[in-house]
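# Inside the fold
Residues per chain, in single letters:
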Amino acid sequence: FFSLAKKPRNPNHRSIQKQDLEYFQSILSESEIITSDLSKYNVDWMSKYHGDSKLVLLPNSTQKISQILSYCNTNMLPVVPQSGNTGLVGGSVPHYDEIILSLQRLNKIIDYDTNNDIVTTESGVILENLNQYLSQFNTEAPYDLGAKGSCFVGGNIATHAGGKYLVKHGPLRGYVLGLEVVLANGQIMNLLNKSRKDNTGIDLKQIFIGSEGSLGIITKANLLCVKKAIEKNLLFIKTSSFQNILQIHNIAKSEIGKNLAAIEWMDSYAYKAVMENIKTAKDVFDSQNKIDQSYYVLIEINTNFNKDLVVEQFYNSLSQVEGLVSECVLAQNDHQFDELWKIRELVGSACGHIGKVFKYDISLNTAQMDDITKDLRQKCIDLGFTVGYGHIGDGNLHINISCLDKTKEQQLENQIEPYIFEWLSKKGGSISAEHGLGLMKADYLHLQKKPEVIDCMKNIKKIFDPNLILNPYKILPGI
Ligand code: FAD
Ligand code: MLT
Ligand code: ZN
């Protein structure tokens, strides 16, 4: 299973021809069709996955998407839905020459229900723009992630994005109240809904959340928003062992309770990667880019009142344990708050500066996070620079391995895969905590799910997309 290698092409699928283009020209305006200079659509955020599409369609309405899919389905033309193209598993770019269906023109926010804090939006709205709009109501989306300036709401729903505030709000799934989806045959499924509670039969919208473009195109959403926190406090702690991070996490849970908004960690390799590769990053601990036994943890505490009490009480509890905190910084203003968060959010980008990144995004028992990171580092010590970090509050570890030698990318991949996935399969956890399967992990699904479960998934796929035109080669093995 080499994710960098090509899978066999589906022989039933066609490539676009002159008459196909003529059809699209008959239903779309000139600005909704791109046939040249497609490189940015054909390559993913990591420059790891490359497609060879000859056509990008950027329709500005659900109706047009419906017409496009109906035509593609009848004519066996495969399609890749693409939103912000920040996906990290090769799901958002074509494998061969599939048509790219970009959602970027579907970017209108439709309305906001002020009594119930529900926003109705088209799916191509950039997350940061949605939050800007929501700030007039003193609310925000119930999730946040480093890609906020580029990723779209529809892409977030299609991948069931996690991000840093899952500790506070829980998974996105619970906030998506309704969806409009266009199926592979062009049928528009109106699953829009503004009620928080709706127990009328099978909750069909759930099947599209996290389906990574394999079952339908998400065109609109009703999203339950959350009130903005009044006080956001951020502590950045340096400590001397991973064991200490586990202890800090436990104290945070019991002392901060519901005010704990986020808790994230990184090892000194990750910290160094950011300091060395991101010019604007400030080395708040004066680490001088040394790699040592230090670990770092960010804790965001949201309070509506008694700010000083909560933060001080927590800090006092930490101080009572000898050797738990080596150094601690508390953000003094919004600017510092953003600067400190950036150190964590830019780990992924920093690793990309070192070399092609092999990213592992796994769920596992928090106690094992540092061990598996060290184990992988050792396994590819000559070929890669390995960092460990992630959402410790959700039991979600990220391991990034940047390849140090361009000619040895395949060798590096072979050294770490399927080792890491088999390790997880034995110990329990998930091979994809938040980024999804995409092209990268479709063929490893059997390590995670029993054959009868995969069969059931394939049957569902065939109901929604019998010609397998939606995002082929991704998510499910052999499709
Ligand atoms: P794309 O990358 O364009 O697409 C992702 C997948 O969804 C593809 O398979 C695509 O075909 C499908 N898709 C896109 N739009 C639709 C649609 N409207 N209907 C149906 N299918 C669709 N992820 C996290 O979970 N947590 C994080 O903390 C996080 N941080 C990130 C930080 C950075 C810097 C980057 C680059 C990525 C990060 N990601 C994170 C991964 C990525 O941002 C998320 O997966 C995001 O939700 C993808 O959104 P997008 O709009 O870019 O979708
Ligand atoms: C993160 O938490 O930073 C992301 O999921 C993305 C990444 O690891 O690059
Ligand atoms: Zn993440």
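Here the residue numbers are simple positions, counted from 1 along each chain's written sequence. To read the labels, note that chains go from A and ligands from 1, taken in the order they are written. Given that the model is predicted, a residue must reach a pLDDT of at least 70 before its local features are reported, and side-chain atom pairs must reach 80 or more before they are shown or counted; all residues, however, enter totals for whole chains, interfaces and linings.

To keep things clear, this is the line we draw: UniProt positions are given in the numbering used here, feature names are shortened, and annotations may be inferred rather than shown by experiment.
Going by what an unreviewed UniProt entry lists, the chain is known as FAD linked oxidase family protein and is assigned to Tetrahymena thermophila. Among the UniProt annotations of the chain, the heading Sequence similarities (unreviewed entry) holds the following wording: "Belongs to the FAD-binding oxidoreductase/transferase type 4 family." Regarding the chain, the UniProt comment filed under Cofactor (unreviewed entry) reads as follows: "FAD".

## Describing the sheet that holds strand S13 (residues 260–267)
Applied cut-off: We call two strands paired when DSSP finds no fewer than two bridges between them. A helix here means a DSSP run of H or I that spans at least four residues, while a strand means a run of E at least two residues long, and both kinds are numbered starting from the N terminus. Interaxial angle, 0 to 180 degrees, is taken between N-to-C directions of lines fitted to C-alpha atoms, where a helix line uses only the stretch in contact. Two residues qualify as a contact pair if the distance between their C-beta atoms, derived from the backbone, is within 7 Å.
Here we have seven strands laid out as an open sheet, ordered S15-S12-S14-S13-S17-S18-S16, and antiparallel in their pairing. Two strands close off the open sheet at either side, each with one partner strand: strand S15 (327–330) and strand S16 (357–363). Strand-to-strand, the axes of this sheet are offset by a mean angle of 15°, without reference to chain direction. Sheet topology note: the S13/strand S17 (residues 384–391) ladder contains two bridges and is antiparallel. Across the sheet, residue Met266 finds its bridge partner in S17, namely Tyr389. Against the sheet, helix H9 (residues 268–277) contacts S13, strand S14 (295–303) and S17, and its axis sits at roughly 105° relative to S17. Here helix H14 (residues 409–416) sits on the sheet and contacts S16, S17 and strand S18 (396–403); the angle it forms with S18, its principal contact strand, is near 150°.

## Here we look at the site of ligand 1
Quick note on the threshold: Using the backbone to place each C-beta atom, any residue with that atom within 6 Å of a molecule or strand is considered near it.
Gly87, Gly91, Gly154, Gly155 and Gly213 are the nearest of the 37 residues found near ligand 1. When contributions to the shell around ligand 1 are tallied by element, the ones reaching two or more residues are strand S3 (79–82), helix H5 (153–159), strand S10 (217–224) and helix H12 (347–354). Looking at the shell around ligand 1, the element that brings in the most residues is H5, giving five residues.

## Quick notes on helix H10 (residues 307–320)
Heads up, the condition is: Multiplying 1.5 Å by the residue count of a helix minus one yields the expected span of that helix. Here a residue counts as buried when 20 or more other C-beta atoms sit within 10 Å of its C-beta, as exposed when there are 12 or fewer, and as partly exposed otherwise, the C-beta atoms being derived from the backbone. Regarding the arc, it is the one traced by the directions from the helix axis to the C-beta atoms.
For H10, which comprises 14 residues, the first-to-last C-alpha distance of 20 Å matches the rise-based estimate of 20 Å (1.5 Å per residue) to within 8%. For H10, the complete set of buried residues consists of Val310, Val311, Phe314 and Leu318. Down the axis of H10, the buried set is contained in an arc of 90°. They therefore lie on one face. Facing away from the buried side of H10 by over 90 degrees, the exposed positions are Asp308, Leu309, Glu312, Asn316, Ser319 and Gln320. Buried residues in H10 make contact with strand S12 (231–239), helix H8 (242–256) and S14.

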